[in-house]
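Architecture at a glance
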Amino acid sequence: MKLIWGSTYKIPLYAQYDIPEVWLLDLQKYQLEIYRQPEVDHYRYILIPKRDETVNLLLLPNITLDLKAMW
């Protein structure tokens, strides 16, 4: 059974409340999904960085996360 609670229910709810950025960590796929630019019930951009990339928070660009260190 695959749980899809985050992307199916929570992500649209965050978009409705105009949360500018949401990160969803999929531990089964070793994948990070970054949702940006909320609209009515979804996000305009979904970024899926590679496992060896470094990513920054949208509102705190000086904070970085090295994905290599996570996996």
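Residues numbered from 1 in each chain as written. Predicted model: local features only at pLDDT ≥ 70, side-chain atom pairs only at ≥ 80, totals over all residues. Heavy atoms only, no water.

1. Some points on the side chain of Glu-33
Assignment of secondary structure puts Glu-33 in strand β2 (residues 31–38). Buried charge Glu-33 goes without a salt bridge, the closest partner of opposite sign being Lys-29 at 5.3 Å. Once residues within four sequence positions are removed from consideration, Glu-33 is found in contact with Val-22, Trp-23, Leu-24, Leu-47 and Ile-48. (Helix = DSSP H or I, 4+ residues; strand = E, 2+ residues; numbered from the N terminus. Buried < 20%, exposed > 50% of the residue type's maximum accessible area, 1.4 Å probe, protein only. Lys, Arg positive; Asp, Glu negative; His and termini not counted. Salt bridge = Lys/Arg side-chain N within 4 Å of Asp/Glu carboxyl O. Contact = heavy atoms within 4.5 Å.)

2. Let's talk about the UniProt feature "domain: Putative restriction endonuclease" (unreviewed entry) in the chain
Taking the numbering used here, the UniProt-annotated feature "domain: Putative restriction endonuclease" (unreviewed entry) corresponds to residues 9–67. In the segment residues 9–67, helix accounts for 15% and strand for 42%; the C-alpha atoms at its two ends are 25 Å apart. (UniProt positions renumbered as here; feature names shortened; annotations may be inferred.)

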